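The lines below spell out each chain.
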Amino acid sequence: MNNPLNRLRTHKHYERGLSMLKLVSLVGSTEILLKGIGFITGILIVRLLPVQEYAYYTLANTMAGTLLVLTDGGISNGVMSISGKVWKDPDKLGTVLATGLDLRRKFAVITLIIAVPIIIYLLLLNKASWLTAILIVLSLIPAFYADLSDSLLEITPKLHQDISSLQKNQITVGIGRLALTIFTIFIFPWTFIILLASGLPRIYGNHKLKKINAKFVNTDQKPDPIVRKEILKVVARILPNIIFFAFSGQIVIWVLSIFGNSNELASIGALGRFTILIGLFTNLLSTLFIPRFSRLANHKRKIVKLFLFFQILLVVFSCGVMLLVFLFPKQLLWVLGASYSGLSTELFLILLSNCIGLIASMTSSLVGSRGHFINPILVICMNISTVTVAFFIWNLSTLKGILYYNILYECIFLIMIYSFSFYKLRQISE
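All values reported here derive from a predicted model rather than from experimental measurement. (Residues numbered from 1 in each chain as written. Predicted model: local features only at pLDDT ≥ 70, side-chain atom pairs only at ≥ 80, totals over all residues. Heavy atoms only, no water.)

Here's the deal with the overall build of the protein chain
For step 1, the next point in the chain: Secondary structure assignment for the protein chain yields 19 helices and zero strands.
For step 2, the next point in the chain: Within the protein chain, the proportion of its 430 residues that are buried is 51%.
For step 3, the next point in the chain: Taken as a whole, the protein chain presents about 20600 Å² of accessible surface, with 68% of it coming from carbon and sulfur. (Helix = DSSP H or I, 4+ residues; strand = E, 2+ residues; numbered from the N terminus. Buried < 20%, exposed > 50% of the residue type's maximum accessible area, 1.4 Å probe, protein only. Areas by Shrake-Rupley, 256 points an atom, 1.4 Å probe, with all protein chains shown as cover.)

Below, the structure is given as structure tokens:
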């Protein structure tokens, strides 16, 4: 019988579409579970840590994120772009991975030498004692050690779309972090203890990631000077951009930690918990779409089609998040507790900034997965100009002022990355 259902089943793209739908459902449901675990953990920390301790926690977490960005320095971009070309060859893929890991370890030493004094200084500036500052720095080491290789070790299973193994590992780490947080926070409501509870499960997860990689790569490969040269070419093109982004991307925290006070610092950290809504979608796209985009043959029509589809997904999701925040601000803030109940406007502003940033950063990652990176000098000049303009319009030492600046910056960067992306798409041969 030639009914619509039969025609659909016999369509040439039916099996492929069904397979993709199943994969999206699997990844999406697991990501919801992962983010749910992370959200519960985060809310426990917000509610049970004293405001002063949560200010330290926000500052330490921000610095840890900056450290990881600087330690990467564009290495993961280089490894992804090269791996996308040799992903079916275990020996070549193993060589690329080994070279990337070797480079990351060397970058880590330099980064730590520079960053540790800065972390201690900012903590002391926010009224932490010397003992507290040193304990917080030491507590960051387990997570930093694991993160040195996490993002690189995830590239191979993503390229081979071994998503279930990757997500099982992430769930184990998430549950471990939640369990340790619950076990410790009621007895020891201190920042360094909570950071340790977060970092230790990630070391175990890192060990499991190495086993997952062994299914696809030859793990006995050594760093290769030719591959190192190729990765460093990518690093050289985007490292100035990354260094600048590492600090400018968290300018809200940096400015408040220097010119603001602990209450504002804690408030921005607490509101940031809702960016988990965005992180859920970011991980989904990073896991499913960006590796597939990286693997595409150089056919203009297919590349443009997937690029535009990607943009539609980003815009629709961002609009959904902002509608949720607009309709239910009081209910969302209730989750954080009474200390943060009067921040409706700030909640809207921070998520608006993050949604615009989501579109810009994911589009940048998309084109970057094919080896195209915007000139960092343009981005740096743009950011300096934006800061200069914002300085005369808003008071950048207040929470609202810095959030307005952040929105302006993300809008300008989005325009730049779209212009660059469409320029590169036009250059592709038919």
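Quick look at the packing of aromatic side chains
For step 1, the next point in the chain: For the structure shown, the criterion picks out eight aromatic pairs.
For step 2, the next point in the chain: For the ring pair Y409 and F413, a centre distance of 6.3 Å and an interplane angle of 5 degrees mean the geometry is stacked. You can see Y409 and its partner F413 sitting in helix α19 (residues 399–427), four residues apart, about one turn around the helix. Assigned by exposure class, Y409 and F413 land together as buried.
For step 3, the next point in the chain: In textbook terms, an aromatic cluster arises when at least three aromatic residues are bridged by ring pairs, as seen for F188, W190 and F192.
For step 4, the next point in the chain: Sitting over the ring of W334, R47 keeps its end group 5.7 Å from the ring centre. (Phe/Tyr/Trp six-rings, centres within 6.5 Å; stacked < 30°, edge-to-face > 60°. Lys NZ or Arg CZ within 6 Å of the ring centre and 35° of its normal.)

So, a nonpolar patch on the surface
For step 1, the next point in the chain: Together, L48, I182, F186, I187, F188 and W190 make up a nonpolar patch on the protein surface, roughly 580 Å² of accessible area in all.
For step 2, the next point in the chain: Along the chain, the position of L48 falls in helix α2 (residues 14–48). (Patch = residues over 30% accessible without salt bridge, like charges linked within 9 Å, V, L, I, M, F, W, Y side chains within 5 Å. Salt bridge = Lys/Arg side-chain N within 4 Å of Asp/Glu carboxyl O.)

Here we look at the nonpolar core
For step 1, the next point in the chain: Formed by 89 residues in total, the largest nonpolar core has its most connected members in Y54 and L336.
For step 2, the next point in the chain: Excluding residues within four positions of it along the chain, L336 makes contact with I43, V46, R47, A270, L271, R273 and F274.
For step 3, the next point in the chain: If you look at the next biggest cluster of nonpolar residues, it comprises 24 residues, including L93, V96, L97 and L153. (Core = buried A, V, L, I, M, F, W, Y, C linked by side-chain atoms within 4.5 Å. Contact = heavy atoms within 4.5 Å.)

Describing the packing of helix α6 (residues 130–139) against helix α10 (residues 191–213)
For step 1, the next point in the chain: In the contact formed by α6 and α10, the axes pass within 8 Å of each other and the chain directions differ by 5 degrees. When the interaxial angle is binned, α6 and α10 end up roughly parallel. Between α6 and α10, the contacting residues are L135, I136 and S139 on the first element and T191, F192, L195 and L196 on the second.
For step 2, the next point in the chain: Of the residues contributing to the contact of α6 with α10, the split by class is five nonpolar, two polar and no charged. (Axes fitted to C-alpha atoms, helices over the stretch in contact; angles between N-to-C directions. Parallel < 35°, antiparallel > 145°, perpendicular 65-115°, else oblique. Nonpolar A, V, L, I, M, F, W, Y, C, P; charged D, E, K, R; others polar.)

Structural notes on the environment of A133
For step 1, the next point in the chain: When you line up the elements, A133 lands in helix α6.
For step 2, the next point in the chain: By relative accessible area, which is 0% here, A133 ends up buried.
For step 3, the next point in the chain: Sequence separation between A133 and F192 is 59 residues, and the spatial gap between their C-alpha atoms is 8.9 Å.
For step 4, the next point in the chain: Apart from residues lying up to four places away in sequence, A133 is in contact with I120, L123 and L124.

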